[in-house]
Amino acid sequence: MWEIKLADGFTVSALGLGCSSMSHGYGPGDRDDEESAKVLHRAVDLGITLFDTADVYGPFTNEELLGRTLEPYRDRIRFATKCGLIARPDGNLTRNGRPEHLRAACEASLRRLRTDAIDLYQLHRIDPDVPLAETWGALGELVTEGKVRALGISHATTAELDLVHRVFPLTTAQYELSVWAPENGAEVLPWCRAHGVGFLAFAPIGRGFLSGKVSHDSLYTGDSRNRDPRFDLDAMQANEVILAGLRDVCARHGGAVTPSQVAIAWVLAQGPDVVPIPGTRRLRWLEENAAAAELRLTEEDMQQLDRLPSAIGEMRWDAVRPDGADLSRTARTTQD
Ligand SMILES: NC(=O)c1ccc[n+]([C@@H]2O[C@H](COP(=O)([O-])OP(=O)(O)OC[C@H]3O[C@@H](n4cnc5c(N)ncnc54)[C@H](OP(=O)(O)O)[C@@H]3O)[C@@H](O)[C@H]2O)c1
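Naming follows an unreviewed UniProt entry, where the protein appears as Aldo/keto reductase of Streptomyces lunaelactis.

Here it is in C-alpha cells:
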C-alpha cells in the first residue's frame, strides 16, 4: 500500500486500521480474538502499518490483542494508542488528564502492547479539571524520555490545538470525518494543514452505515450505535439519501466498487495529509477497504458526494462529562 508522510519522520500507510470493534462497542457478544488476529495478520500483509487502539477499548483487551498478535511485526508497524479516558466499574466513562495518571497509563500500555515505545500516543479526551498545558507537558515528557515517539490528540478545539502545539509539537489530530460527517474537514483540517499536523479520520464508513449493510434491526442490544442519534430509525431512513449518493458513484464505476470503498476514497481525496482509519473485524471487509486506497474518484464523483447533506441526528463525540454522564444521550456509557 502507498504511504503518507504525516510529519517529519512519521510515515504511515494510506489507510490505518481502526481496531476498537475487535474488542468493544459494536456487538460485544460478537468478539472473536482468533478471527481478529487473522484480520491483523492480513492487514500487515496488505501493507497497513498504522493500528489505532486505546487503553479504554475493552478496556485494555484491545491493546493486549494487538500486543500479542503484532509482536512479530513490531519493526514494520506503528501503534497509535490513546490515554485520558477511563472506563469506570459501573460502565460509565470518565476523563483523567492528570500527569501521574498519564504516566501510569503509558507504562501499562507499553506492557500490553509489548513494546518499549509507543509510536503515537493520543490524548483521547481533554480533562476539563486539569490545565491542558499540564496534561500536555506530561505527555511531552514521555516523548523526551523515549517512551513515546510522537503525540496526537482527539476531539480538541482549534484553540486547544494551538495551545498543545505550543507546549510540545503535535504530530496528528484525530476526528470523525466522512461523507456523512464532513464538518471537521472544514473546521479542523485547515488548522492541521497550516501547522503541518497529520489528520487521522475516524469512522470513515459512518460506523458501518455508509457500507449500506447496517439496518436498524441488525444492531445488537448492547451495540453502542443504539445510542447514536444517527442510528435512530427515523434518522436512518432520512440518511438513506447519503447512501443513495454513494451507490450512484458505484454505478458510475460500473458496479466494480462498493459504497464502503467510495466512502473511504472520499476521505483519502481530502488531501495527502489525511489518513482514514476504517475499523473491521472481518477479513473480507478488511480486503475490500484496503482496495479503496487504489480507487480514484472523478471530479463528477466528488462534486456529487460533496453536495450530499450531512447526517441527520447529531452525534456529540465529545459529550462525556468528567463524571462519566453521557450528555448526548441518557445512556449509561458513550462510544469513544
Ligand atoms: N478518537 C475517537 O474518539 C474515536 C472514536 C471512534 C472511533 N475511533 C477509531 O476509529 C476507528 C474506526 O471507527 P469505527 O470503527 O467507529 O467506524 P467505521 O470505521 O466507520 O465503521 C466500522 C463499522 O463498519 C463495519 N465495516 C467496516 N468495513 C466494512 C465493509 N467493507 N462493509 C461493511 N461493513 C463494514 C464494521 O463492521 P465489523 O466491525 O463487524 O467488521 C464496523 O461495524 C475505530 O476502530 C477506532 O480506532 C476513534
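Now that the structure is up, let's keep going.
Quick look at the nonpolar core
Leu17, Phe51, Tyr121 and Ile153 are the most contacted members of the largest nonpolar core, which has 96 residues in total. No other element matches the seven residues that helix H9 (residues 259-268) contributes to this core. Excluding residues within four positions of it along the chain, Ile153 makes contact with Gln122, Leu123, Ile126, Trp136, Leu161, Val164, Leu170, Thr172, Ala173 and Gln174. Counting five residues, the second-largest nonpolar core is a separate cluster that includes Ala54, Val56, Leu85 and Leu93.

Observations regarding the pattern of salt bridges
Once the charged atoms of two side chains with opposite charge are near each other, the side chains can pair. As enumerated under the stated definition, the model contains 21 salt bridges in all. The shortest N-O distance in the salt bridge between Glu71 and Arg114 comes to 3.1 Å. Placement of the pair is Glu71 in the loop between helix H2 (61-70) and strand E5 (78-83) and Arg114 in the loop between helix H3 (99-113) and strand E8 (120-123), with a sequence separation of 43 residues. Owing to a relative accessible area of 46%, Arg114 belongs among the partly exposed residues under this scheme.

Looking at unusual backbone geometry
A cis geometry characterises the amide bond from Gly58 onward to Pro59, with omega recorded as -5 degrees. Position of Pro59 relative to the elements: it lies in the loop between strand E4 (50-52) and H2. You will see that His155, though not glycine, has its phi angle at about 60 degrees, which is positive. Relative accessible area serves as the criterion here: at 19%, His155 is assigned to the buried category. Located in the positive-phi region is Arg207, a residue other than glycine, with phi close to 55 degrees.

Here's the deal with the packing of aromatic side chains
Evaluated as defined, the whole model comprises four aromatic pairs. Residues Tyr175 and Phe199 carry aromatic rings whose centres are separated by 5.8 Å and whose planes lie at 25 degrees to one another, so their mutual orientation is stacked. Here Phe199 lies in strand E11 (residues 198-202) and Tyr175 lies in strand E10 (residues 172-176), a separation of 24 residues in the sequence. Seen in terms of ring centroids, Trp180 and Phe209 are 4.8 Å apart; in terms of plane orientation they differ by 5 degrees. Their pairing is stacked. Pair noted here: Trp180 is in the loop between E10 and helix H6 (183-187) and Phe209 is in the loop between E11 and helix H8 (233-252), with a separation of 29 residues, a long-range link. The exposure class of Phe209 is buried, given its relative accessible area of 1%. Three or more aromatic residues link up through ring pairs in this structure, and these residues are Trp180, Phe209 and Phe231. Above the face of the Tyr26 ring, Arg225 is positioned so that its terminal group lies 4.2 Å from the ring centre. A cation sits over an aromatic face here: Arg225 above Phe231, 5.9 Å from the ring centre.

Describing the packing of helix H1 (residues 33-45) against H2
Contact geometry for H1 and H2: axes closest at 10 Å, N-to-C directions at 55 degrees. Here H2 runs oblique to H1, going by the angle between their axes. Pair H1 / H2 crosses with right-handed handedness. Seen from H1, the contacting residues are Asp33, Ser36, Ala37, Leu40, His41 and Val44; seen from H2, they are Leu65, Leu66, Arg68, Thr69 and Leu70. Taken together, the residues of the contact of H1 with H2 sort by class into six nonpolar, three polar and two charged.

Observations regarding the site of the ligand
Lining the immediate surroundings of the ligand are 35 residues, of which Tyr26, Asp52, Ile205, Thr280 and Arg281 lie closest. The side chain of Ser21 places a nitrogen or oxygen atom 2.9 Å from an oxygen atom of the ligand. Within the side chain of Arg282, one N or O atom sits 2.9 Å away from an oxygen atom of the ligand. Among the elements that take part in the shell around the ligand, helix H10 (residues 283-291) stands out by supplying three residues, more than any other. Among the residues making up the shell around the ligand, the classes are represented as 11 nonpolar, 14 polar and 10 charged.

What counts as what
Residues numbered from 1 in each chain as written. Predicted model: local features only at pLDDT ≥ 70, side-chain atom pairs only at ≥ 80, totals over all residues. Heavy atoms only, no water. Core = buried A, V, L, I, M, F, W, Y, C linked by side-chain atoms within 4.5 Å. Buried < 20%, exposed > 50% of the residue type's maximum accessible area, 1.4 Å probe, protein only. Helix = DSSP H or I, 4+ residues; strand = E, 2+ residues; numbered from the N terminus. Contact = heavy atoms within 4.5 Å. Salt bridge = Lys/Arg side-chain N within 4 Å of Asp/Glu carboxyl O. Phe/Tyr/Trp six-rings, centres within 6.5 Å; stacked < 30°, edge-to-face > 60°. Lys NZ or Arg CZ within 6 Å of the ring centre and 35° of its normal. Axes fitted to C-alpha atoms, helices over the stretch in contact; angles between N-to-C directions. Parallel < 35°, antiparallel > 145°, perpendicular 65-115°, else oblique. Left-handed = near helix turned anticlockwise from the far one by under 90°. Nonpolar A, V, L, I, M, F, W, Y, C, P; charged D, E, K, R; others polar. Near = heavy atom within 4 Å. Polar contact = N/O pair within 3.5 Å; in protein donor to acceptor, adjacent residues only side chain to side chain.

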